[in-house]
Amino acid sequence: MTEATDLAERAGDRDPRIGLRAVSALRRLLEQLEAVQVRSARNQGWSWQEIAAELGVSRQAVHKKYGRQ
Amino acid sequence: MFERFTKDARAVVEGAVTHSERVGARTVEEEHVLLALLDREGTRGSFALTSLGEAGFRESLERDLAEARRRGGLSRADADALSGLGIDLSEIVSRVEEAHGEGVLEPGGRGGDGRRGRRRPFGQEAKDVLVRALRVATTRRDRHIGDEHLLLAITLRGGVAAEALADHGVTYESVTRVLYGGTGVGAGGENGVAEAG
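Counting of residues starts from 1 at the beginning of each chain's written sequence and follows it residue by residue. Written order determines the labels here, with chains lettered from A and ligands numbered from 1. In view of the model being predicted, local features appear only for residues whose pLDDT reaches at least 70, and side-chain atom pairs are presented and counted only at 80 or more, with totals across whole chains, interfaces and linings using the full set of residues. Side-chain measures were taken over the full set of non-hydrogen atoms in the model, leaving aside hydrogen atoms and water.

As annotated in an unreviewed UniProt entry, chain A carries the name HTH domain-containing protein and comes from Streptomyces avermitilis.

Turning our attention to the overall build of chain A. A tally of helices and strands in chain A yields four helices and zero strands. Secondary structure counts use DSSP, requiring at least four H or I residues in a row for a helix and at least two E residues in a row for a strand, with both numbered from the N terminus. Mapped in sequence order, the helices and strands of chain A form the string α-α-α-α. We call two residues contacting when some pair of their heavy atoms lies within 4.5 Å. If you take every contact in chain A between residues at least 6 apart in sequence, the share linking residues at least 24 apart comes to 23%. The Shrake-Rupley method, run with a 1.4 Å probe sphere, supplies the accessible areas, and residue values consider only the shown protein chains as cover. Put simply, chain A shows about 4,900 Å² of open surface, and 51% of that area lies on carbon and sulfur atoms.

For chain B, the helix and strand inventory stands at eleven helices and zero strands. Start at the N end of chain B and walk to the C end: the helices and strands fall as α-α-α-α-α-α-α-α-α-α-α. Looking at chain B as shown, the accessible area adds up to about 9,700 Å², and 48% of this sits on carbon and sulfur atoms.

All names here are of chain B. By secondary structure assignment, the location of Arg120 is in the loop between α6 (89-100) and α7 (124-139). On the accessibility criterion, Arg120 (8% relative accessible area) is buried. Within the structure, the side chain of Arg120 is placed 3.0 Å from the side chain of Ser20, a separation counted as a polar contact. Any N or O atom pair separated by 3.5 Å or less is treated as a polar contact, with the protein-specific requirement of one donor-capable and one acceptor-capable atom, and with residues adjacent in sequence counted only for side-chain atom pairs. A distance of 3.0 Å separates a polar side-chain atom of Arg120 from the backbone oxygen of Ala25. Burial classification: accessible surface area is computed with a 1.4 Å probe over protein chains only, and a residue below 20% of its type maximum counts as buried, one above 50% as exposed, and the rest as partly exposed.

The next point concerns the packing of aromatic side chains. Within 6.5 Å between ring centres, the rings of Phe, Tyr and Trp (the latter by its six-membered ring) count as paired, and their orientation is classed by plane angle as stacked under 30 degrees, edge-to-face over 60, tilted in between. All chains considered together, the criterion is met by zero aromatic pairs over all chains. The ring centre of Tyr180 of chain B lies 3.5 Å from the NZ or CZ of Arg140 of chain B, which sits over that ring. Both a distance and an angle decide whether a charge sits over a ring: NZ of Lys or CZ of Arg must be within 6 Å of the ring centre and within 35 degrees of the ring normal.

Further remarks concern the nonpolar core. The term nonpolar core refers to a set of buried residues drawn from Ala, Val, Leu, Ile, Met, Phe, Trp, Tyr and Cys, joined through side-chain atoms within 4.5 Å. Core analysis: the largest hydrophobic core is formed by 41 residues, its most contacted members being Leu150 and Leu165 of chain B. The set of elements that each furnish at least two residues to this core consists of α1 (7-22), α2 (30-39), α3 (44-52), α4 (57-70), α7, α8 (147-157), α9 (160-167) and α10 (172-180) of chain B. Sequence-distant contacts of Leu150 of chain B, that is, excluding residues within four places in its chain, are made with Phe5, Ala9, Val12, Leu37, Val129, Leu130 and Ala133 of chain B. Membership of the second largest hydrophobic core comes to eleven residues, among which are Ala25 and Leu29 of chain A together with Ala79 and Leu89 of chain B.

Residue and element names in this part refer to chain B. Inspection of the secondary structure puts Asp147 in helix α8. Apart from the residues lying within four places of it in its own chain, the contact partners of Asp147 are Thr6, Asp8, Ala9, Val12, Leu37, Arg40, Thr43, Arg44, Gly45 and Ser46. Only 2.9 Å separates the side chain of Asp147 from the backbone nitrogen of Gly45, close enough to count as a polar contact.

Our focus in this paragraph is the interface of chain B and chain A. The interface of chain B with chain A comprises 24 residues on the first partner and 20 residues on the second. Each salt bridge in this description consists of a side-chain nitrogen of Lys or Arg and a carboxyl oxygen of Asp or Glu lying within 4 Å of one another. A salt bridge links Asp78 of chain B to Arg21 of chain A; the shortest N-O distance between them is 2.9 Å. Across the contact surface, chain B and chain A share four residue pairs in polar contact (both at pLDDT 80 or more). Looking at the side of chain B that touches chain A, the elements with two or more residues in it are α5 (76-83) and α6 of chain B. Here the side of chain B that touches chain A gets six residues from one element, more than from any other, and that element is α5 of chain B. In this classification, the charged set is Asp, Glu, Lys and Arg, the nonpolar set is Ala, Val, Leu, Ile, Met, Phe, Trp, Tyr, Cys and Pro, and all remaining amino acids, among them Gly, are polar. Among the residues making up the side of chain B that touches chain A, the classes are represented as twelve nonpolar, six polar and six charged.

Notably, Arg141 of chain B is not glycine yet its phi reads approximately 60 degrees, a positive angle. With respect to the secondary-structure elements, Arg141 of chain B resides in the loop between α7 and α8.

Moving on to the packing of α3 of chain B against α10 of chain B. Two numbers describe a pair of packed helices, the interaxial angle and the distance between the axes. Residues and elements named next belong to chain B. Angles here are taken between N-to-C directions and fall from 0 to 180 degrees, while the axes themselves are lines fitted to C-alpha atoms, restricted in helices to the stretch in contact. For the pair α3 and α10, interaxial distance at closest approach is 10 Å and the crossing angle is 115 degrees. Here α3 lies roughly perpendicular to α10, going by the angle between them. Seen from above, α3 lies across α10 with right-handed handedness. Residue-level inspection shows Arg44, Phe47, Ala48, Ser51 and Leu52 of α3 in contact with α10, the latter providing Ser174, Val175, Val178, Leu179 and Tyr180. Within the contact of α3 with α10, the residues separate by chemical class into seven nonpolar, two polar and one charged. Angle categories are assigned with fixed cut-offs, so that under 35 degrees is roughly parallel, over 145 is roughly antiparallel, 65 to 115 is roughly perpendicular, and the rest are oblique. The handedness criterion is simple: a crossing whose near helix is rotated anticlockwise from the far helix by less than a right angle is left-handed, and one whose near helix is rotated clockwise is right-handed.

Residue-level confidence of the predictor is what pLDDT reports, using numbers from 0 through 100. This prediction gives chain A a mean pLDDT of 85; 78% of its residues lie at or above 70. When mean pLDDT is taken per element in chain A, helix α3 (residues 48-55) of chain A scores highest with 96 and helix α1 (residues 3-9) of chain A scores lowest with 60.

With that settled, consider the side chain of Ser75 of chain B. With respect to the secondary-structure elements, Ser75 of chain B resides in the loop between α4 and α5. Separated by 3.3 Å, the side chains of Ser75 of chain B and Arg21 of chain A make a polar contact. Look past the residues within four positions of Ser75 of chain B in its chain and what remains in contact with it is Arg21 of chain A together with Val160 and Glu163 of chain B.

Below you can see the structure in the form of structure tokens.
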């Protein structure tokens, strides 16, 4: 059937392409999830410092990434 | 690089910027390039698309793109790879939307536009389309980069746009067949696919 279905069927075959694709997909998903959560925290009045502490990164890092939005 | 772009290819790049502005995205993305390609008439790229696409092609394609955007810009192949890890992407999307509102996982961030008037940057995937278009043209020994090369580049990337196109019968092979009458041999189809994503 579709390429997607083929990929799914091979998922159990330890095909590196599937594993790598999953990692890449997770990374992109993670970026979106982080953005959603940071935005939500800011809307609820959290400081950059508080958000950074929860994410385990520096305040500067989180501010640089999301500060202008 | 742009000096080798034909007038049609430049029009697609400009159109992509316009599409990005229209939806208030911060960057120009691959799907904006695709939408700009679909706007064109009387070009090699649009010839391929109209030859292969059926009635209602554009609307259906736009629906597919919107659906993928809602999943955080992940393709079905991505979703399947994640399910191999036991991760149910649709479940995640529905829970996050429940808590934070419909469409919150869409990439590219809408609104918050401090960039108005400034040059809108091309996102990584859209840049990759331009680079691949150049490569496709080079491999085919075409001296200029036309909008058909942009279309071929998108089909080779294997991303959300390529998936949506493939669902409508537009693949590297079918576009090559329509445009060049061959089977796409010699254009590095295999290579391109292996590098995709």
